[in-house]
Amino acid sequence: MTKGKLIVFEGISGTGKETQAKLLGDFLSRKGIQSTIVYHPSPQLKEILSAWRKERSIDHIAEIYLLLADRQSRVRQLIVPALTRGEWVISLRSWVSALVYQGKTEKEKSWIAREFGAFEPIPDYLFYFDIDPDVAYKRAKDRHEKTGEPMGKFETLVLLNQMRNRYQQVLKTIPHKTIDASLSIESIHTFLVRCLL
């Protein structure tokens, strides 16, 4: 069977990555293409990280080891089998996020890239959702007020600005397409479909 495609969505919180992943999955289904959405970190690890961060009992190096184990498991159990079956995998974040959020020094970033590179498939497409951090913060706050979902560790205006700057630095050496995440949901979806099909 034809190898599937791996599509990765990256960007700070509040850029609409999950909304676009679901829209793309629905579109592909209508076209007769099987697809799977994969989260990084997985929902299970996200809960663990959230609990440990509240207790301040984890540092960024420990987080990297947990993210490595979590992603390796996802790649082996979900991503590679789906690609082998000819399905498309839409990954919400990837090892690039670890470079941005956990890699504090060039030495750490080199280590992260090497360790993830041992098992992480090269994406067919990597889309970076870019947005003004002020807009992203407002979206995250609105989501919190509407759903009760807690604000994440990195969902402060200071950190959103910091992470956006890190993304822009990290992505200088990684092939990707930039999306203006302030555009309408429909405009972004149309852009993605044109790029992919």
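Residues numbered from 1 in each chain as written. Predicted model: local features only at pLDDT ≥ 70, side-chain atom pairs only at ≥ 80, totals over all residues. Heavy atoms only, no water.

Ordered in space as E2-E3-E1-E4-E5, the 5 strands form an open sheet in which the pairing is parallel. Across the chains shown, the open sheet's two edge strands, defined by having one partner strand only, are strand E2 (35–39) and strand E5 (177–180). Averaged over all pairs of adjacent strands, the angle between their axes in this sheet comes to 20°, without regard to strand direction. Here strand E1 (residues 6–10) pairs with strand E3 (residues 88–92) via 4 bridges, running parallel. If you follow Phe9 over to E3, its bridge partner there is Leu92. (Pairing = 2+ DSSP bridges. Helix = DSSP H or I, 4+ residues; strand = E, 2+ residues; numbered from the N terminus. Axes fitted to C-alpha atoms, helices over the stretch in contact; angles between N-to-C directions.)

The next subject is unusual backbone geometry. Note that the residue after His40, namely Pro41, is joined by a cis bond; omega there is 0°. On the secondary structure map, Pro41 appears in the loop between E2 and helix H2 (43–54). If you check the backbone angles, Arg93 has positive phi at about 80° while not being a glycine. Relative to the helices and strands, Arg93 is located in the loop between E3 and helix H4 (95–101). Arg93 sits in the buried class, given a relative accessible area of 13%. (Buried < 20%, exposed > 50% of the residue type's maximum accessible area, 1.4 Å probe, protein only.)

Once that is clear, we can look at the pattern of salt bridges. Inspection of every chain in the model, using the stated rule, returns 12 salt bridges. Ionic pairing is found between Glu63 and Lys153, a salt bridge with its closest N-O pair at 3.8 Å. Taken as a pair, Glu63 in helix H3 (residues 60–84) and Lys153 in the loop between helix H6 (133–147) and helix H7 (157–170) lie far apart in primary sequence, 90 residues in all. On the accessibility criterion, Glu63 (2% relative accessible area) is buried. Between Glu149 and Arg143 there is a salt bridge, with the nearest N and O atoms lying 3.7 Å from each other. Taken together, the shared-partner salt bridges in this structure form one network comprising Arg53, Glu63 and Lys153. (Salt bridge = Lys/Arg side-chain N within 4 Å of Asp/Glu carboxyl O.)

Next up on the list: the packing of H6 against H7. Axis separation between H6 and H7 bottoms out at 9 Å; the angle between their running directions is 130°. Judged on the interaxial angle alone, H7 and H6 are oblique. Seen from above, H6 lies across H7 with right-handed handedness. Counted together, Pro133, Asp134, Ala136 and Tyr137 of H6 and Leu157, Leu160, Asn161 and Arg164 of H7 form the full contact between these two elements. Among the residues forming the contact of H6 with H7, the class breakdown is 5 nonpolar, 1 polar and 2 charged. (Parallel < 35°, antiparallel > 145°, perpendicular 65-115°, else oblique. Left-handed = near helix turned anticlockwise from the far one by under 90°. Contact = heavy atoms within 4.5 Å. Nonpolar A, V, L, I, M, F, W, Y, C, P; charged D, E, K, R; others polar.)

You can see Lys177 is positioned in strand E5. Lys177 gets classed as partly exposed once you look at its relative accessible area, which sits at 37%. Apart from residues no more than four positions distant in its own chain, Lys177 is found in contact with Leu126, Phe127, Tyr128 and Cys195.

Another aspect to go through is the pairing of E1. A regular strand places its side chains on the two faces of the sheet in alternate fashion. Among the 5 residues that make up E1, 5 are buried, leaving the element largely enclosed by the rest of the structure. Alternating positions in E1 separate into two faces, Leu6, Val8 and Glu10 on one and Ile7 and Phe9 on the other, with burial throughout. Sheet analysis places E1 next to strand E4 (residues 125–130), joined by 4 bridges and oriented parallel. Bridging from a neighbouring strand, Val8 pairs with Leu126 of E4.

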